[in-house]
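This is what each chain is made of:
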Amino acid sequence: MIPLNSFPFMFMAECEDWRLEVIDGAQRMHTLNSFLKGELVLSGLEELNSLNGFTFDDLSAIRQRKFKNGSLRIIVISGKQMKNSDLIYLKELIQDTQY
């Protein structure tokens, strides 16, 4: 199984009201959630091609548990009030350096 820690970092900003706003990684979070809910079918897997066509519910209990117990790497940027312009700048900066 591909470990979740092989996913790129996700970045969040801590807002003044203590909410966390996703700067980078929203699509990955949505995809993981869709997979866990059984809405996503695995396809195009080269290393684990025997799992192509599977949903989360099709996985063995052991694989499901390993997936659920995986860790995501999230960096939370805090320490000051984040303004919209700060968030836009950070998002652009992060995306330019990661890809």
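Right above here is the structure, for reference.
A. Expanded view of the side chain of T55. Mapped onto the secondary structure, T55 falls in the loop between α1 (26-36) and α2 (61-68). A relative accessible area of 15% places T55 in the buried class.

B. Expanded view of the pattern of salt bridges. Here the structure, examined in full by the defined rule, presents two salt bridges. The salt bridge involving E39 is made with K37; its shortest N-O contact spans 3.6 Å. Of the two residues, E39 and K37, neither departs from the other in class, the shared state being exposed.

C. Broad picture of the sheet that holds strand β2 (residues 20-24). What the three strands build is an open sheet, ordered β2-β1-β3; its pairing is mixed. Edge positions in the open sheet fall to β2 and β3 (74-77), since each of these has one partner strand only. Geometrically, the sheet is characterised by an average inter-axis angle of 30° between neighbouring strands, direction not taken into account. Looking at chain direction, strand β1 (residues 10-14) and β2 are connected through four bridges and run antiparallel. Paired with A13 across the two strands is E21, which belongs to β2.

D. Here's a closer look at the packing of aromatic side chains. Following the criterion strictly, the structure yields three aromatic pairs and no others. Each residue in the set F35, F56 and F67 is aromatic and connected to the rest through ring pairs, giving one cluster. Cation over ring: R73 sits above F9, and NZ or CZ is 4.2 Å from the ring centre.

Definitions and limits used
- Residues numbered from 1 in each chain as written.
- Predicted model: local features only at pLDDT ≥ 70, side-chain atom pairs only at ≥ 80, totals over all residues.
- Heavy atoms only, no water.
- Helix = DSSP H or I, 4+ residues; strand = E, 2+ residues; numbered from the N terminus.
- Buried < 20%, exposed > 50% of the residue type's maximum accessible area, 1.4 Å probe, protein only.
- Salt bridge = Lys/Arg side-chain N within 4 Å of Asp/Glu carboxyl O.
- Pairing = 2+ DSSP bridges.
- Axes fitted to C-alpha atoms, helices over the stretch in contact; angles between N-to-C directions.
- Phe/Tyr/Trp six-rings, centres within 6.5 Å; stacked < 30°, edge-to-face > 60°.
- Lys NZ or Arg CZ within 6 Å of the ring centre and 35° of its normal.

Functional significance is not addressed by these values, which are geometric in nature.
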